[in-house]
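Report on the structure
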Amino acid sequence: MTQDPGINGDRLWQSLMEMAQIGALPGGGCGRLTLTDDDQIARDLFTRWCEEAGCTVKFDRLGNMFARRPGRNPDLPPIAIGSHLDTQPHGGRFDGVYGVMAGLEVIRSLNDHGLETDAPIEVVNWTNEEGARFAPAMLCSGVYAGLFDLDFALSRTDANGISLDAELSRIGYAGTEACGAHELGAFLEVHIEQGPVLERHSEVIGVVIGGQGQRWYDVTVTGRDAHSGSTPMEGRSDALVAAAGLIKAVQDIALAHGPDGVGTVGEMHISPNSRNTIPGEVRFTIDFRHPDDAVLSVMDAAIHSAANRVTGAKVDLDMIWHNPPVHFDTRCVDAIENVTRASGHAYRRMVSGAGHDACLVARRVPTAMVFVPCKDGLSHNEAEWAEPAHLTAGCNVLFQAALMLSQDSAMTSGQEVRGGKNKKETHPTVQEI
Ligand code: HGY
Ligand code: MN
Ligand code: MN
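All values reported here derive from a predicted model rather than from experimental measurement.

Ligation of the manganese ion (ligand 2) by protein atoms is provided by H84 (NE2), D95 (OD) and H191 (NE2), these donors lying 2.1 to 2.3 Å from the ion. For the manganese ion (ligand 2), the donor residues sit on a single chain with the sequence spacing H-x10-D-x95-H. Distance-wise, the manganese ion (ligand 3) is placed 3.5 Å from the manganese ion (ligand 2), both being coordinated by D95. Taken together, the residues span a long stretch of sequence, with D95 in the loop between β3 (79-83) and α3 (97-112) and H191 in strand β5 (residues 186-192) at a distance of 96 residues. For the residue pair D95 and H191, the accessibility class agrees, reading buried in each case.

Structure (structure tokens):
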């Protein structure tokens with residue numbers, strides 16, 4: 001086990017539990033949707049904690065927050081460590097928040113040990129990672145990485161027609177700095193795995209080498225409102241019956257490209273949603289994922305042909321987001337693997353099944369991730385749970401890797417070593433070997 005100075009696991013746990021009180025749900029989880037009053041309270045608390053730890057905190061036009069601990073050389077681009085504070089509607093206490101609190105714990109531990117780094121260290125909170133309120137997910141880290149433009153992000157609206165721009169202003173987190181103007185030397189994100197692999201193999205650390213690809217769609221099925229009692233079955237234009245066929249097609253397409261292919265319909269709106277009116281309109285979402293972009297294209301073609309086969313209603317299938325699979329920076333991955341090996345914890349290299357801000361930031365900044373197990377691989381569920389010892393181990397890896405990279409002049413001079421084919425890869429859902 002490493003003899004190097006470590007982090008304070010109790011303090012990390014306390015921070016997580018205190019943050020979990022903001023938007024706490026009766027079932028023990030967290031419902032802290034992006035840019036709500038609860039998100040504002042969480043952001044303000046995060047700011048206070050970072051300032052108490054000696055950081056200066058700023059945020060850009062999209063509310064992406066950067067808490068900076070100075071290094072010896074202020075001209076070097078910072079090593080960033082972070083994730084997201086927003087949650088799913090019925091989220092857990094660890095998804096995203098763990099990465100931000102672990103980043104803060106690294107700062108607090110550097111202070112405890114009186115350690116000075118060459119490059120500055122910054123803790124980052126990315127706005128709207130979940131995409132539950134404003135689609136798509138990882139929207140604001142995506143603008144930072146140059147994958148979405150600013151106006152697209154600002155114009156996104158929630159189910160009540162409220163724009164992201166209006167909410168940023170309302171909670172006071174519409175910064176003046178352009179999103180993307182802030183240079184980063186590298187970005188490291190620690191996160192719960194949100195899948196079963198590490199737990200199944202009794203491993204503590206995932207050295208994450210990349211993320212699988214994903215495609216998101218908005219689907220609108222248009223039929224005709226009519227009386228449920230007096231309208232004969234033949235000749236109906238029932239949007240919900242047509243939608244049901246497409247939902248089954250999503251399931252069939254994912255299974256046909258298993259075990260890595262996954263497909264989900266997570267959100268649906270029925271209009272007029274009256275029990276004695278035939279639904280005239282149904283809107284729903286599709287989330288397809290696969291580690292191989294070519295297979296994602298095949299899944300895309302399959303859902304389009306299923307839509308073309310629908311009769312009795314009109315189908316509009318709109319792909320709103322395509323995020324190809326991403327390989328993380330080999331130097332960052334190797335730094336994480338080296339400190340993990342030194343820690344003595346059981347680990348594996350693996351690909352992430354879930355999307356993360358790191359998967360978008362990696363398009364611009366040398367990036368890698370650290371996973372720790374979560375109980376039953378469960379996430380996006382109030383029962384989400386991670387063992388304190390595992391959270392501590394992951395945060396120690398983050399601490400050591402951030403220290404290593406902050407002294408690595410090649411890294412902080414912006415020389416990128418792009419992601420390349422890595423060694424043994426574990427695909428996100430394949431129960432390998
Ligand atoms: O969609 C995702 O994978 C992430 O949890 N936002
Ligand atoms: Mn997350
Ligand atoms: Mn999530």
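This paragraph deals with the environment of I162. Considering the arrangement of structural elements, one finds I162 in the loop between α5 (150-155) and α6 (164-170). Residues I162 and R133, spaced 29 residues apart in sequence, show a C-alpha to C-alpha distance of 9.8 Å. Every residue in contact with I162, bar those within four places of it in the chain, is listed here: R133, F134, R156, T157 and E167.

Let's shift gears to helix α8 (residues 239-256). Relative to the 26 Å expected for 18 residues at 1.5 Å per residue, α8 spans 26 Å between its end C-alpha atoms, a close match to the ideal helical length. Within α8, the full set of buried residues consists of A239, A242, A243, L246, A249, V250, I253 and A254. When α8 is viewed along its axis, its buried side chains cluster within an angular range of 130 degrees and face the same direction. Seen from the buried face of α8, the exposed residues on the opposite side, beyond 90 degrees, are V241, L255 and A256. In the core, the buried residues of α8 are packed alongside β7 (213-222), β9 (262-264), β12 (281-290), α9 (293-308) and β13 (314-323).

Inspection of the entire model under this criterion finds 1 cavity of 30 Å³ or more. Of the volumes computed, that of the largest cavity is approximately 30 Å³. Every residue along the wall of the largest cavity is listed here: T34, D39, R43, L85, D86, N125, W126, T127 and N128. Along the lines of polarity and charge, the residues of the lining of the largest cavity split into 2 nonpolar, 4 polar and 3 charged.

Here the focus is the packing of α8 against α9. Axis separation between α8 and α9 bottoms out at 10 Å; the angle between their running directions is 155 degrees. By the angle between their axes, α8 is roughly antiparallel relative to α9. In terms of crossing hand, the pair formed by α8 and α9 is right-handed. Between α8 and α9, the residues in contact are L246, A249, V250, I253 and A254 and M299, A302, I303, A306 and A307, respectively. In terms of residue class, the contact of α8 with α9 is made up of 10 nonpolar, no polar and no charged.

What counts and how
- Residues numbered from 1 in each chain as written.
- Chains lettered and ligands numbered in written order.
- Predicted model: local features only at pLDDT ≥ 70, side-chain atom pairs only at ≥ 80, totals over all residues.
- Heavy atoms only, no water.
- Donors = N, O, S within 2.8 Å, 3.2 Å for Na, K, Ca; no water.
- Helix = DSSP H or I, 4+ residues; strand = E, 2+ residues; numbered from the N terminus.
- Buried < 20%, exposed > 50% of the residue type's maximum accessible area, 1.4 Å probe, protein only.
- Contact = heavy atoms within 4.5 Å.
- Expected span 1.5 Å × (residues − 1).
- Arc of directions from axis to C-beta.
- 1 Å grid on protein atoms, 1.4 Å probe; cavity = no way out; pocket = protein on both sides within 12 Å on 5 of 7 lines; lining within 4 Å.
- Points joined across faces, edges and corners; volume = space filled by probe spheres on them.
- Nonpolar A, V, L, I, M, F, W, Y, C, P; charged D, E, K, R; others polar.
- Axes fitted to C-alpha atoms, helices over the stretch in contact; angles between N-to-C directions.
- Parallel < 35°, antiparallel > 145°, perpendicular 65-115°, else oblique.
- Left-handed = near helix turned anticlockwise from the far one by under 90°.

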